[in-house]
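# Breakdown of the fold
Each chain, letter by letter, is given below.
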Amino acid sequence: MSAIDARLAELGISLPEPVAPVANYVPFARTGDQVFISGQVSMGPDGLVTGTLGENMDLAGGQAAARLCGINIIAQMKAACDGDLERVKRVVRLGGFVAAKPGFTDIPQVVNGCSDLMVEVFGDAGRHARAAVSCPVLPLGAAVEVDAVFEIA
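Time to look at the pattern of salt bridges. Throughout the structure, instances matching the rule amount to 6 salt bridges. Across the salt bridge formed by Glu-120 and Arg-67, the nearest N and O atoms sit 3.2 Å from each other. Here the residue Glu-120 occupies a position in helix α3 (residues 107–122), and Arg-67 occupies one in helix α2 (residues 59–80), the gap between them amounting to 53 residues. Residue classification places Glu-120 among the partly exposed residues on the basis of a relative accessible area of 29%. With its nearest N and O atoms 3.5 Å apart, the salt bridge here joins Glu-151 to Lys-89. One end of the pair, Glu-151, is in strand β7 (residues 144–152); the other, Lys-89, is in strand β5 (residues 88–99), with 62 residues separating them in the sequence. A relative accessible area of 22% means that Glu-151 is categorised as partly exposed. Residue Lys-89 is classed as partly exposed on the basis of its relative accessible area of 46%.

To continue, consider the layout of surface pockets. The probe, sized like a water molecule, is rolled over the atoms to show the empty space still left. There is about 230 Å³ of room inside the largest pocket. Per element, the largest residue contribution to the lining of the largest pocket is 3 residues, and it comes from strand β2 (residues 34–41). Among the residues forming the lining of the largest pocket, the class breakdown is 10 nonpolar, 4 polar and 1 charged. Approximately 170 Å³ is the volume attributed to the second largest pocket. Lining the second largest pocket are Ile-13, Ser-14, Pro-16, Val-19, Met-43, Gly-44, Pro-45, Leu-68, Ile-71 and Asn-72.

With that out of the way, let us pick up the pairing of β7. Burial analysis of β7 places 7 of its 9 residues in the buried class, the great majority of the element. Pairing between β2 and β7: 6 bridges, direction antiparallel. Residue pairing across strands places Val-41 opposite Glu-145, the latter belonging to β7. Pairing of β5 with β7, which is carried by 9 bridges, proceeds in the antiparallel orientation.

Cut-offs applied
- For every chain, the first residue of the written sequence is number 1, and numbering continues from 1 onward in sequence order.
- Thresholds applied to this predicted model are a pLDDT of at least 70 for local features of residues and 80 or more for the giving and counting of side-chain atom pairs; totals over whole chains, interfaces and linings are not thresholded and use all residues.
- Heavy atoms throughout the structure, all of them, feed into the side-chain values; hydrogens and water do not.
- Salt bridges, as used here, are contacts in which a Lys or Arg side-chain nitrogen is within 4 Å of a carboxyl oxygen on Asp or Glu.
- Helix and strand labels come from DSSP, where a helix needs a run of H or I of at least four residues and a strand needs a run of E of at least two; each type is numbered from the N terminus.
- Residue burial is assigned from relative accessible area. The probe radius is 1.4 Å, only protein chains are included, and a residue is buried under 20% of its type maximum, exposed over 50%, and partly exposed in between.
- In this analysis the probe radius is 1.4 Å and the grid spacing 1 Å, with only protein atoms considered; a cavity is a set of points the probe fits into but cannot get out of, a pocket is an open set with protein on both sides within 12 Å along at least five of seven lines, and lining residues have an atom within 4 Å of a point.
- Grid points are joined across faces, edges and corners, and a volume is the space filled by probe spheres set on the points.
- Gly counts as polar in this scheme, as do all residues outside two lists: the nonpolar Ala, Val, Leu, Ile, Met, Phe, Trp, Tyr, Cys and Pro, and the charged Asp, Glu, Lys and Arg.
- Two strands pair under a simple rule: DSSP has to find at least two bridges between them.

Written out as structure tokens, the structure reads:
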């Protein structure tokens, strides 16, 4: 078992099967030493987490949804690395999208649910640049969507 797999187990995280794309795109694209992970929505073991922050979902619920996005990103990354997460040299960037009603301003705190997970799993290599924005609606009614860029060995 790799150190990253052991860390996931220690955190009580079981990676799901990577989610198949719902449109005309691929779940990840590798170029050189970078892997671009397509946006992963807040899908968990109980299905898709839907909602709008500041309307029918609170900050803690949004952070939990963003964490699910992070788990799905790691699952896609594992597939991109042929099952070997030890190839991850760095989480370069996350792009977070939060379904929120106008006036909800805790967007960065919501996306921290994903950012914090990257640091928990990958340590200092999980520290990344980031964008966090709100929008009125996300695909399938998801509460949160996050995409990512990784550097690999």
